[in-house]
Every structure is written in structure tokens, then in C-alpha cells.
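A structural walkthrough
Each chain, written out:
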Amino acid sequence: MNSYNEEPLEISLAVPDGNYEVTVDIKAHSDTCFCIFAQNRSFFARDERIRSGETRSFTFIVNVCGRNFYGDEPREADGIRLQIVCDGNITATAAASPVYVPTVYICGDSTVTDQPAEYPFVPSETYCGWGQAFPMLTKNTVAVSNHAQSGSCTAEFMESNLTAFENKIRPGDLMVIEFGHNDQKKPELAADGGYSKNLDTLIGIARSKGAEPIVCSPINRIIFEPDGHLKNLLGGYRNAAKAAAERNGAAFIDLWKATTDYMEAAGPVKSWQFFRCKGDERDYTHTNDIGGTLIAKMFSNAMIRQNGPLSEHIDETKINIEPVFADPGDTADNADIIAHSKSIGLVNVPEDFDADITGLQIGKNPDTKKSAKKS
């Protein structure tokens, strides 16, 4: 992925809530590479190239929906907001028309949410939830409405975020559910306790509206053991998510296994290219634009393999995953990362993580030099 040194070109279209087919026409005044984002930086075109004097047209589906994030005042949607970043000189126009297609409502935490970017825009230095990369992997037959929030657990999401779209869900829509990173910080949301109960509730809400629930296990954190395996911090939540899907007859996508297998193959050095890095800052929980796109492809590939409820809407030409393998002798000193992981308030962890982690207090602030981002 390229680096983009320009502030985004922004285009706004005043429309009410709903789904829209959007067409963007881009004319280049120099050889240019560009990306197209919409709403809260959902991806619709990445690293596209256009030659000077050329015009290209892109058509995609955008969902317009207000949001009610936990701890914030409800926010009404402000029509369609497009952002185009590039490394050259372009002009662009856009038009939109209403379209009736199914909507995918995403429930989750920071590993799934739409994350902002800093400018100049460097994809490796951003935070990026996989839910914001997923729209560019779909056909123009479905809309994506991402309500995931950084720091959110299942209980907080149902209390607030869910209220923004619960009454908008229609038969034929879909609800993607992925939590665990923040439930792990709440004693009452243990994997086999409140977390499982809340997954059952979310699945039931989707079904009551005629929508199809899709349960995902949480992505893994990249904290490596000396033998090259990842620490099993979220395996219990993976098992609980799988069990909830099975007892409710819902689709299950195992992102815990997919990320664990891939990152262990990449090793403790190369796995960092998929997680947010800036200078000497390293984040072992939150992916960057590269990693967010990778995990969106993992989700899409698993959906295709299972012939799951979203499979017909995924563009199979866009979901190829290139494997990455560690070089012989790749090692990393994880002492600082392990020390930091003990300060983020995890209480629902395997007994063998470390004896002293179970005594940590909820809400203890992490070392902001290492990672200031909440899950």
C-alpha cells in the first residue's frame, strides 16, 4: 500500500437515511494513485491507479444511518460523505440514487469498527477495524452499516449502539457479531457467563427481525510465546462464540483461529506489518489498514467456503490472501508487550496466562507509550 501525502478531497451529498448506489467519477491531472472512502472511512477503492488525462468511474453501495455510541450523544447521519486521498492531482464528482438491497449491520469493538486516519495518510500507521475494509470486498448487492465501537463490550453495545439500528432491521438483512476483547475486562462478562448470554440475545434480536445472524470469534492478539505460538488469551471467548452460534443455528466465522494460524506462520517479526505501528509504538491488538483488509478477506473467504448467508454478496476476485512466512531465526523480545498486557484490565483469562494477572484492577490505564488505543 502506498503513502498518501494529501488531505482528502471531500464530497458531500445531502440524502436521508437509507441505502444508495453511489457513482464517483475521477479525472486525473497527473499520474495518480488514490483511495475512496465513505462515511466514517469505510473502504470502497484502495490503491487504484489512474494516468494523467484519464477519467475513471466507480460505483458502490453506501448505507446512511445515524449512530448511538456508548458514552456519547446519539449522532444523526449527515448524508453521504466521500473522502478521496491521492498522491497526485485529481478532480471528482459524485451522484447517488436510492437502492433497495439487504443491509449488513455490524456489531463489535475496535477490532471491527470504522477507525479514522491521520494526515498525511500512511496505511501502516492507521488504526483500522476489519469491518471498515469489508465493504470494498462486496458486490453492489448489499450495504454495510458498521456500528462497532472502540472499547465496547456486548453489554454496552446492547445498551446504546444497538438502539441506532434495531428498528431499521428488515427481513433479509444480516447482523455480524464480534466481541470479546472488552468483555474480557468485565468479571460479569466471562466467556461462559454474561458474554454467552448476550450473544444469545443479539442472535435472538436479529432473528426476531427476520435478519440472519453471523457470529464471529474475536481476532487474536499478537503476543508471542518463546516457542513461536501466540498466547491463548481469547480462546475461551472463541469457544463460547462457537457454542452460541451452534445452539442458535447461526453461521460461525472463526476469526480467532484464522488470525492465530496466519500470524504464527508470519512470526513475531513479520506479523507487526499487519498491526498499527508508528515509530517505536507497537500495538498488539489493533490492526492497521493492511491488517484490517487482511482480516476482512479472512472473513470473506470463510464465508465463501461455508456457502454462508453473505457468500452471494462477496466479490471473489477481491479476496485473495497472500501467505507470509517467518524467516529462519525470526525472534522478538516480547517482555514489554507482556508487561503492558497485564495493565489493560484483563480478568477473564486462562489460569496459565500468569498467576499475577488475575489480581489486576478493572480500568487501570495502559502505558500510553506502547498503546493508547482501547479495544
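First, a word on what this report is: a plain description of the structure on this page.

Calculation criteria
- Residues numbered from 1 in each chain as written.
- Predicted model: local features only at pLDDT ≥ 70, side-chain atom pairs only at ≥ 80, totals over all residues.
- Heavy atoms only, no water.
- Helix = DSSP H or I, 4+ residues; strand = E, 2+ residues; numbered from the N terminus.
- Rg over C-alpha atoms; globule rule 2.2 N^0.38 Å.
- Buried < 20%, exposed > 50% of the residue type's maximum accessible area, 1.4 Å probe, protein only.
- Contact = heavy atoms within 4.5 Å.
- Areas by Shrake-Rupley, 256 points an atom, 1.4 Å probe, with all protein chains shown as cover.
- Lys, Arg positive; Asp, Glu negative; His and termini not counted.
- Charge placed at Lys NZ, Arg CZ, Asp CG, Glu CD.
- Pairing = 2+ DSSP bridges.
- Patch = residues over 30% accessible without salt bridge, like charges linked within 9 Å, V, L, I, M, F, W, Y side chains within 5 Å.
- Salt bridge = Lys/Arg side-chain N within 4 Å of Asp/Glu carboxyl O.
- Expected span 1.5 Å × (residues − 1).
- Polar contact = N/O pair within 3.5 Å; in protein donor to acceptor, adjacent residues only side chain to side chain.
- Axes fitted to C-alpha atoms, helices over the stretch in contact; angles between N-to-C directions.

Turning next to the overall build of the protein. Of the regular secondary structure elements, the protein holds seven helices and 14 strands. At 20 Å, the protein has a C-alpha radius of gyration in line with the 21 Å of a compact globule built from 375 residues. Here the C-alpha coordinates of the protein stretch approximately 65 × 50 × 40 Å along the principal axes. When the 375 residues of the protein are sorted by exposure, 55% land in the buried category. In the protein, the proportion of contacts linking residues at least 24 apart, taken out of those at least 6 apart, comes to 77%. Of the roughly 15400 Å² of accessible surface on the protein, a fraction of 47% belongs to carbon and sulfur atoms. Separation between the mean location of the 36 positive side-chain charges and that of the 52 negative ones in the protein comes to 1 Å.

To continue, consider the pairing of strand β4 (residues 42–50). Summarising the sheet, strand β3 (residues 32–38) and β4 pair through six bridges and their orientation is antiparallel. Bridging from a neighbouring strand, A38 pairs with S42 of β4. If you look at the hairpin formed by β3 and β4, you'll find three residues sitting between the two strands, and Q39 has a positive phi there, around 55 degrees.

Turning our attention to a negative patch on the surface. A cluster of like negative charges, contributed by E6, E7, E10 and D87, occupies part of the molecular surface. Note that E6 resides in the segment before β1 (9–13). By relative accessible area, which is 39% here, E6 ends up partly exposed.

Further remarks concern helix α3 (residues 191–208). Its 18 residues place the ends of α3 24 Å apart at the C-alpha level, agreeing with the 26 Å of an ideal helix rising 1.5 Å per residue. By the burial criterion, the buried members of α3 are A191, G194, Y195, S196, N198, L199, L202, I203, I205 and A206. Contacts from the buried residues of α3 go to α2 (154–159), β10 (174–178), β11 (212–216) and α4 (235–248). Trailing α3 by a residue or two, G210 shows a phi angle of about 80 degrees, which is positive.

Attention shifts here to the side chain of N220. Within the fold, N220 resides in the loop between β11 and α4. Taking the relative accessible area as the measure of exposure, N220 reaches 2% and is therefore buried. Of the polar contacts made by the side chain of N220, one reaches the side chain of T260; its length is 2.8 Å. Setting aside chain neighbours within four positions, we find N220 in contact with L230, K231, L234, W256, T259, T260 and F275.

Here we have five strands laid out as an open sheet, ordered β9-β8-β10-β11-β12, and parallel in their pairing. Bordering the open sheet on either side are β9 (143–146) and β12 (251–253), each of which pairs with just one other strand. Neighbour-to-neighbour, the strand axes of the sheet open up by a mean angle of 20 degrees, direction not taken into account. The pairing of β11 with β12 spans three bridges and is parallel. Looking across to β12, one finds that C216 is bridged to I253. Here α3 sits on the sheet in contact with β10 and β11, set at roughly 170 degrees to β10.

With respect to topology, four strands assemble into an open sheet ordered β1-β6-β3-β4, the strand pairing being antiparallel. A strand with exactly one partner marks an edge of an open sheet, and here the two such strands are β1 and β4. Across the sheet, the mean angle separating the axes of adjacent strands is 15 degrees when strand polarity is ignored. Of the strand pairs in this sheet, β1 and strand β6 (residues 80–86) are connected by five bridges, and their pairing is antiparallel. Its bridge partner lying in β6, S12 is registered against R81.

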